[in-house]
Amino acid sequence: MENLLIQKFSEVNLDDPFFDTLKRDYSEFSEWFKRKADNRALVLYNDSGFIEGVLYCKYESGPGDDTTPRLPNTNHFKVGTFKFNPQQTRRGDRFIKKIFDYALLSKKHSFSDIYVTIFGNKHPYLFELFKKYGFKHYGIKKTENGTEDVLLRDLTKINGDIHMDYPYVNIRGNNKYLLAIYPEHHTRLFPDSILNNESPDIVRDISYSNSIHKIYICGMSDVTRFKHGDVLVMYRTGDRKGPAEYRAVATSLCMVESISHINDFRDENDFVDYCIKFSVFNEDELRGFYRESKYPYVINFTYNIAFPRRPNRKELADHAGLDRGERWGIMQLSEQQFDKIIELSQLDENLLT
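What counts and what doesn't
Residues numbered from 1 in each chain as written. Predicted model: local features only at pLDDT ≥ 70, side-chain atom pairs only at ≥ 80, totals over all residues. Heavy atoms only, no water. Helix = DSSP H or I, 4+ residues; strand = E, 2+ residues; numbered from the N terminus. Rg over C-alpha atoms; globule rule 2.2 N^0.38 Å. Buried < 20%, exposed > 50% of the residue type's maximum accessible area, 1.4 Å probe, protein only. Areas by Shrake-Rupley, 256 points an atom, 1.4 Å probe, with all protein chains shown as cover. Lys, Arg positive; Asp, Glu negative; His and termini not counted. Charge placed at Lys NZ, Arg CZ, Asp CG, Glu CD. Polar contact = N/O pair within 3.5 Å; in protein donor to acceptor, adjacent residues only side chain to side chain. Arc of directions from axis to C-beta. Contact = heavy atoms within 4.5 Å. Pairing = 2+ DSSP bridges. Axes fitted to C-alpha atoms, helices over the stretch in contact; angles between N-to-C directions. Core = buried A, V, L, I, M, F, W, Y, C linked by side-chain atoms within 4.5 Å.

(A) Quick look at the overall build of the protein. Secondary structure summary: the protein contains 10 helices and 13 strands in total. Computed over the C-alpha atoms, the radius of gyration of the protein is 21 Å, within 12% of the 20 Å expected from 2.2 N^0.38 for a compact globule of 353 residues. Overall, the C-alpha framework of the protein stretches about 65 × 45 × 35 Å when taken along its three principal axes. The buried share of the protein, taken over its 353 residues, is 54%. Element-wise, carbon and sulfur atoms account for 46% of the exposed surface of the protein, whose accessible area totals about 16,600 Å². Between the mean site of the 49 positive side-chain charges and the mean site of the 52 negative ones, the protein shows a separation of 2 Å.

(B) Structural context of the side chain of S279. With respect to the element layout, S279 can be found in the loop between α7 (268–276) and α8 (283–292). On the basis of relative accessibility, which here comes to 6%, the residue S279 falls in the buried class. A distance of 3.0 Å separates a polar atom in the side chain of S279 from the backbone nitrogen of F281.

(C) Examining α8 more closely. Every buried residue of α8 is listed here: L286, R287 and F289. All buried residues of α8 fall inside an arc of 155° around its axis, so they share one side. Across α8 from its buried face, at more than 90 degrees, point the exposed residues D284, R291 and E292. Turning to α8, the residues buried within the fold contact β9 (213–218) and α7. Measuring from the backbone nitrogen of D284 back to the side-chain oxygen at the start of α8 gives 3.1 Å, which picks out N282 as the cap. S293 lies just past α8 and shows a positive phi near 55°.

(D) Local environment of unusual backbone geometry. Looking along the chain, the bond that leaves T68 and enters P69 is cis, with omega of -5°. For P69, the position within the fold is in the loop between β3 (51–61) and β4 (75–84). For the bond running from Y166 to P167, omega is 5°, close enough to zero to count as cis. Here P167 is to be found in the loop between β7 (146–154) and β8 (176–181).

(E) Looking closely at the sheet that holds β8. Spatially, β9-β12-β11-β10-β8-β13 is the arrangement adopted by the 6 strands of the open sheet, whose pairing is mixed. Sheet topology places β9 and β13 (330–333) at the edges, where each strand pairs with a single neighbour. Each adjacent strand pair in this sheet contributes to an overall mean axis angle of 40°, direction not counted. Where β8 and strand β10 (residues 231–236) come together, 6 bridges link them in parallel fashion. In the sheet register, A180 faces β10, and the bridge partner there is Y235.

(F) Geometry of the environment of D25. Structurally, the position occupied by D25 is in helix α1 (residues 20–25). Taking the C-alpha atoms as reference, D25 lies 8.6 Å from F119; in sequence the two are 94 residues apart. Setting aside anything within four residues of it in sequence, one finds D25 in contact with F119, K122, H123 and N145. Of note is the side chain of D25, whose polar atom sits 3.0 Å from the side chain of K122. Here H123 takes part through its side chain, which lies 3.3 Å from a polar atom of the side chain of D25.

(G) Spotlight on the sheet that holds strand β2 (residues 40–45). The 7 strands lie next to each other as β1-β2-β3-β4-β5-β7-β6, forming an open sheet whose pairing is mixed. The outermost strands of the open sheet, each flanked by one partner alone, are β1 (3–8) and β6 (136–143). The sheet shows a mean angle of 25° between the axes of neighbouring strands, direction not considered. Two elements, β1 and β2, share 6 bridges in a ladder whose sense is antiparallel. Paired with Q7 across the bridge in β2 is A41. The strands touched by helix α4 (residues 124–132) within the sheet are β4, β5 (113–118), β6 and β7, with β4 carrying the most contacts at an inclination of about 140°.

(H) Structural detail: the nonpolar core. Within the largest apolar cluster, 58 residues are counted, with the highest numbers of intra-cluster contacts made by F82 and L253. Here this core gets 7 residues from one element, more than from any other, and that element is helix α3 (residues 90–104). Not counting the four nearest positions on each side in its chain, F82 is found in contact with V54, L55, F95, I96, I99, L126 and F130. By size, the runner-up hydrophobic cluster in this structure holds 33 residues, among which are F265, V280, F301 and I330.

This is the structure in structure tokens:
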């Protein structure tokens, strides 16, 4: 199991082979690295103790003087160092999620954009990954190491696209649903949606299983009502360790990308290939699901925001008006119910568009 850790630069081995390409790309990298001794970065290690990824971010102000054109005269969140070995398709996705986690959960700073400089011709996969999540080519940065591309995500603009607007949730004109998930599956899908009513620190939650895209497999036929762009309030059912009134909680907001039926896939291998990238289930489990057809519905969705506070079943019924008489598997929410859940969750409404 790989480990994602928050470490000071002084605790990271600069001689790890992972840094070889950075040293080649940036002649000053080693000296810069040593100057950052007391700064912290997110570092991914493999089972053998070698580095597989590093993320370092910082805050900046003003237009600066090293890009053409200059940056907007505002506050910026800069991705200072971002590199990973893309041996598994989910790594880039997970690091991108961490960038947004850091940026949007920092209450001390107010900034209007996130930007990164990269050698797009040397790292085309990384270049396209940032573009997928709303970063646009802003300009260039010329140094003695060459010319880098400046990619900027303007957080004040909405594109009307699930990926390019991530993690913002578009609630206008989209249906809202409560979707129940059993505790054992919920924990694997949403490791940073902890079970309590206190505010979690997503930035410090360093579970490698965080990712933007999720796939959930279930037997509830009502999921066929979902359409692209619908908003899901994820609901962790009771765990039988106490009354569900207090143990079952709403935990997070997600957005539907697509719904599939097991019969939509060509064969078992096609089903496994589609699901395994973003599912919590391993290959044997997925093959079992296909053969048994017990859980024929596949929900592909983005994991946008974990609630700062998790309203429990009692609050959802008493204050948000959810009917205790209904089965809380899939439940369409009225605008009033949804708004009350957001209020109870203490979510920053600026994340809703």
